[in-house]
Amino acid sequence: MSFSLPDFRRKWSCRGYMSAGAAMVTAALGLSLVLAERAEARKYTSPLDIFGIAAPRSRPAVHSARIPLPRPRPQEAPKASDEAPPEADSKPSADKSGADKPAEAAPPAQKPVSACRLALTEEIAIAPSIPDIRGPGACGGEDLVRLEAVVLPDKRKVTVKPAAILRCTMASAIADWLRKDMAPLATSLGSTIGELDNFDSFECRGRNRVVGALLSEHGKANALDVRAIKLANGQSIGLTDRTMSRDVRERVLHSVCARFSTVLGPGSDWYHEDHIHLDLAQRRNDYRICQWNVWDPLPQVAPLLPAERPEEAPPREVAAKPEVKPEVKPEAKPGAKSEEKEGADDEAAEKSAAPAKKPAADGSKSQPRKPATKKRR
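Residues numbered from 1 in each chain as written. Predicted model: local features only at pLDDT ≥ 70, side-chain atom pairs only at ≥ 80, totals over all residues. Heavy atoms only, no water.

Draft legend 1. Quick look at the packing of aromatic side chains. Per the counting criterion, the structure on display carries 2 aromatic pairs. Judged by centre distance (6.4 Å) and plane angle (80 degrees), the ring pair of Trp 177 and Phe 260 falls under edge-to-face. In this pair, Trp 177 sits in helix H6 (residues 168-188) while Phe 260 sits in the loop between helix H7 (246-259) and strand E10 (262-264), placing the two residues 83 residues apart along the sequence. Judged by relative accessible area, which is 1%, Phe 260 ranks as buried. Aromatic pair Trp 270 and Tyr 271: ring centres 4.5 Å apart, planes at 25 degrees, arrangement stacked. (Phe/Tyr/Trp six-rings, centres within 6.5 Å; stacked < 30°, edge-to-face > 60°. Helix = DSSP H or I, 4+ residues; strand = E, 2+ residues; numbered from the N terminus. Buried < 20%, exposed > 50% of the residue type's maximum accessible area, 1.4 Å probe, protein only.)

Dropping the structure here:
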């Protein structure tokens with residue numbers, strides 16, 4: 001049997017055992033170092049210090065935090081009563097139930113008053129403010145008022161019937177128009193304004209009430225339709241009444257077109273033939289629309305039959321007719337026809353020959369007939 005060193009190393013190698021032992025030793029040393037560091041961090045002695053070689057480190061002193069004390073009560077402060085409030089003892093269940101309930105919402109902050117609302121006082125118009133309207137789509141608006149009457153400079157009131165719901169700016173424009181333009185016009189007619197005929201104000205709808213059309217200014221509370229202005233003496237200024245003086249209607253036309261951005265009346269479309277539309281629509285470059293044709297008064301229709309002659313009228317004079325003497329004709333001979341009868345016979349013959357000249361109905365040419373001749377006896 002042969003023995004060799006390589007075969008012995010191959011069969012009985014201890015290199016694997018030596019490497020495993022070295023790994024175990026390394027792990028043990030590493031664990032001890034980790035434990036030692038943690039122990040130092042906790043201010044404890046090392047766990048491997050069995051014989052107490054290493055002296056334990058002293059822990060640092062713990063400093064207590066200072067708690068601030070309340071300031072002394074001032075002398076002028078009232079004395080606090082030691083008795084507890086009676087509500088705390090008498091109603092303990094109410095507090096518990098209140099704690100379960102959600103906290104109540106804080107009241108909304110009041111809106112600042114607009115400059116228009118501050119300027120539109122009771123000396124100018126009776127127009128109480130109303131809450132904002134939030135309708136479907138973009139209908140409604142803010143800073144709304146209910147215009148009930150306009151106060152003229154002489155303290156007389158012009159009633160708006162029915163009361164109009166408008167924006168404050170539109171209500172202010174209507175008040176200025178009545179006070180500064182219509183009041184002098186009524187004075188020139190010998191009376192004062194008594195009432196404004198309101199045809200329509202706020203209404204959530206499209207233009208001209210057409211389904212699917214753009215939102216009208218009426219839906220934004222920014223328009224007013226006026227039919228007439230009634231005076232105190234009973235007279236009415238119909239803005240579209242053709243029996244009214246043309247000069248009066250033209251004065252109204254010039255006044256509204258100078259104050260409002262949109263004026264629609266007769267001639268604009270058939271929706272505004274019986275009233276005037278006024279609004280303050282905002283357009284680009286401050287573009288304005290004024291479409292109102294002031295038609296001429298209707299003509300006076302003449303009577304069809306003449307008026308009856310009054311009884312007290314003098315009798316009509318009739319011109320006397322001149323007397324005509326009868327002509328004496330010569331006597332005709334018996335058996336002969338007179339010239340008048342011969343002429344009558346000739347005319348009858350011509351009339352009977354005239355229809356013969358018409359073409360036949362079937363299109364065939366008819367032979368011309370010879371005129372009938374009078375046969376003499």
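Once the structure has been displayed, the description carries forward.
Draft legend 2. Structural view of the pairing of strand E8 (residues 223-231). A large share of E8 lies buried, amounting to 7 of its 9 residues. Two elements, E8 and strand E11 (residues 276-279), share 4 bridges in a ladder whose sense is antiparallel. Of the residues in E11, the one forming a bridge with Asp 225 is His 277. Relative to strand E9 (residues 236-238), E8 runs antiparallel, the two being bridged by 3 bridges. Within E9, the residue paired with Ile 229 across the bridge is Ile 237. (Pairing = 2+ DSSP bridges.)

Draft legend 3. Seen up close, unusual backbone geometry. In this structure, Pro 162 follows Lys 161 across a cis peptide bond, with omega equal to -15 degrees. By secondary structure assignment, the location of Pro 162 is in strand E6 (residues 157-167). For Asn 208, which is not glycine, the phi dihedral falls at a positive 60 degrees. Relative to the elements of secondary structure, Asn 208 occurs in the loop between strand E7 (193-200) and E8.

Draft legend 4. Looking closely at the pattern of salt bridges. The final tally for this structure, using the stated rule, is 14 salt bridges. With a closest N to O distance of 3.1 Å, Arg 146 and Glu 148 form a salt bridge. What makes Glu 148 partly exposed here is its relative accessible area of 29%. A salt bridge links Arg 156 to Asp 154; the nearest nitrogen and oxygen atoms lie 3.7 Å apart. Each of the salt bridges in this network shares a partner with another, and the network as a whole consists of Asp 200, Glu 203, Arg 205 and Arg 209. (Salt bridge = Lys/Arg side-chain N within 4 Å of Asp/Glu carboxyl O.)

Draft legend 5. View of the nonpolar core. In this structure, Trp 177, Phe 260 and Leu 278 are the most contacted members of the largest nonpolar core, which totals 45 residues. Elements with a minimum of two residues in this core: strand E5 (144-151), E6, H6, E7, E8, H7 and E11. If you tally residues by element for this core, the top one is H6, at 12 residues. If we ignore the near neighbours within four places in the chain, the residues touching Trp 177 are Met 182, Leu 196, Ile 229, Val 252, Ser 255, Val 256, Arg 259, Phe 260 and Leu 278. (Core = buried A, V, L, I, M, F, W, Y, C linked by side-chain atoms within 4.5 Å. Contact = heavy atoms within 4.5 Å.)

Draft legend 6. Looking closely at the pairing of E5. Among the 8 residues that make up E5, 6 are buried, leaving the element largely enclosed by the rest of the structure. Judged from the 2 bridges that link them, strand E1 (residues 125-126) and E5 form a sheet pairing that is antiparallel. Bridge assignment links Ala 125 to a residue of E5, and that residue is Val 150. Pairing of strand E2 (residues 129-130) with E5 involves 2 bridges; the strand directions are antiparallel. Residue pairing in the sheet places Ile 130 in a bridge with Leu 144 of E5.

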